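# Residue-level structure breakdown
Residue strings, one per chain:
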Amino acid sequence: MMPRATELCSSLGIRHPIVQSGMSRVAGPELVAAVSNAGGLGILAALRLQPDELRAQIRRVRELTDAPFGVNLWLHPAVVHPAAPESIEPRALADVQQKLNEIRARVGLQPSTATPAQFPELVAGNFEIILDERVPVWSIGLGDPGAEMVARCHERGLRVMAMVTNVDDARTVATAGVDVIVAQGTEAGGHRSNWSDAADEAGTMVIVPRIVDAVKLPVIAAG
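Owing to the predicted nature of the structure, the values given are computational and were not obtained by experimental measurement.

## Topic: helix 9 (residues 204–214)
The complete set of buried residues in helix 9 reads Thr204, Ile207, Val208, Ile211 and Val212. Taken end-on, helix 9 shows its buried residues confined to a sector of 135 degrees, consistent with a single buried face. The outward face of helix 9, more than 90 degrees from its buried face, is lined by the exposed residues Met205 and Asp213.

## Notes on the pattern of salt bridges
Taken as a whole, this structure holds nine salt bridges when the rule is applied. Here Arg59 and Glu133 are joined by a salt bridge, their closest N and O atoms 2.9 Å apart. Separated by 74 residues along the polypeptide, Arg59 in helix 3 (residues 51–64) and Glu133 in the loop between helix 6 (123–132) and strand 3 (137–141) bring together distant segments of the chain. When its relative accessible area of 45% is taken as the criterion, Arg59 is described as partly exposed. For Glu102, the salt bridge is made with Lys99, and the minimal N-O distance between the two is 3.2 Å. In this pair, Glu102 and Lys99 both sit in helix 5 (residues 90–107), three residues apart, roughly one turn of the helix. Taking relative accessible area as the criterion, Glu102 reaches 38% and is therefore assigned partly exposed.

## Focus on the nonpolar core
If you look at the biggest cluster of nonpolar residues, it comprises 42 residues, and the most contacted ones within it are Leu54, Val71, Trp138, Ile181 and Ile211. Tallying contributions element by element places helix 6 first for this core, with five residues. Setting aside residues no more than four positions away along its own chain, Ile181 makes contact with Ala162, Val164, Ala170, Val173, Ala174, Ile211, Val215, Leu217, Pro218, Val219 and Ile220. Ile43, Met161, Val182 and Ile220 belong to the second largest nonpolar core, which has eight residues in total.

## Here's the deal with the packing of aromatic side chains
Scanning the model with the defined rule gives one aromatic pair in all. With centroids separated by 4.8 Å and ring planes inclined at 50 degrees, the aromatic side chains of Phe127 and Trp138 adopt a geometry described as tilted. Remark: Trp138 occurs in strand 3 and Phe127 occurs in helix 6; sequence separation between them is eleven residues. The pair formed by Phe127 and Trp138 is uniform in burial state, with each residue classed as buried.

## Some details on helix 6
Considered for burial, the residues of helix 6 that qualify are Val123, Asn126, Phe127, Ile129, Ile130 and Leu131. Contacts made by the buried residues of helix 6 are with helix 3, strand 2 (69–74), helix 4 (77–80), strand 3 and helix 7 (146–155). Directly after helix 6, the chain includes Arg134, whose backbone phi takes a positive value near 50 degrees.

## A word on the sheet that holds strand 2
Strand order in the open sheet formed by six strands is 1-2-3-4-5-6, with parallel pairing between adjacent strands. Only two strands of the sheet have a single partner each, and these edge strands are strand 1 (42–45) and strand 6 (219–222). Strand-to-strand twist across the sheet, computed as the mean angle between neighbouring axes with direction ignored, equals 25 degrees. Here four bridges tie strand 4 (residues 159–164) to strand 5 (residues 180–184), and the two strands are oriented parallel to one another. Counted as the bridge partner of Met163 is Val182 from strand 5. Across the sheet, helix 8 (residues 167–176) lies against strand 4 and strand 5, angled at about 165 degrees from strand 4, the strand it touches most. Sitting on the sheet, helix 9 touches strand 4, strand 5 and strand 6, and the angle it makes with strand 6 is about 170 degrees.

## Describing the packing of helix 6 against helix 7
The description of two packed helices rests on the angle between their axes and on the distance between the axes. Running from N to C, helix 6 and helix 7 point in directions that differ by 25 degrees, and their axes come no closer than 9 Å. With respect to each other, helix 6 and helix 7 are oriented roughly parallel. In terms of crossing hand, the pair formed by helix 6 and helix 7 is right-handed. Touching Phe127, Glu128 and Leu131 of helix 6 are Met149, Arg152 and Cys153, all from helix 7. When its residues are assigned to classes, the contact of helix 6 with helix 7 shows four nonpolar, no polar and two charged.

The rules we used
Residues numbered from 1 in each chain as written. Predicted model: local features only at pLDDT ≥ 70, side-chain atom pairs only at ≥ 80, totals over all residues. Heavy atoms only, no water. Buried < 20%, exposed > 50% of the residue type's maximum accessible area, 1.4 Å probe, protein only. Helix = DSSP H or I, 4+ residues; strand = E, 2+ residues; numbered from the N terminus. Arc of directions from axis to C-beta. Salt bridge = Lys/Arg side-chain N within 4 Å of Asp/Glu carboxyl O. Core = buried A, V, L, I, M, F, W, Y, C linked by side-chain atoms within 4.5 Å. Contact = heavy atoms within 4.5 Å. Phe/Tyr/Trp six-rings, centres within 6.5 Å; stacked < 30°, edge-to-face > 60°. Pairing = 2+ DSSP bridges. Axes fitted to C-alpha atoms, helices over the stretch in contact; angles between N-to-C directions. Parallel < 35°, antiparallel > 145°, perpendicular 65-115°, else oblique. Left-handed = near helix turned anticlockwise from the far one by under 90°. Nonpolar A, V, L, I, M, F, W, Y, C, P; charged D, E, K, R; others polar.

Quick look at the structure:
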């Protein structure tokens, strides 16, 4: 964590410079509260939650901790406006299902060739819940919030934290007015928060100094 980020954590009442990621189906209220109670910043995963579920989980976090916490939303265009399942190219669908069937066979599940169900459009509704509940921190993955969404957060007293993997995207979210940037290196596990065609991605020890030099915002290093 860079010095400016340490100052931001202090202003939020976070005692230890640790931010727990908002992993879907893992980062629920109990984990979030445990991290925040320990002095870090717990992040609640909202990717697949219906708005009423998200509100209930936010309120559950508040039952478990008085410390600051955040809620994470993905802003990738394919999540904000999911593609219709019938638009999937048949050959691509068959190839994916074939590979998944190999995995299903190893874990004792039935094979499938079915078209997946429609991914629900949840981002807009969940963003309104985050604003309405005045969550201390809105955490963003895989996308640019734009100036309007950031301004609405600031009107409600929310801080905005955006994860990026390259300098161009860091400058984009900085222009939108976010409060803190999470710089993520190529060695990150699972997916990374890349949504553009920028070519300057690198490992954590390389990309973090580049982003620190490129923006005048607090920067948190993520592996």
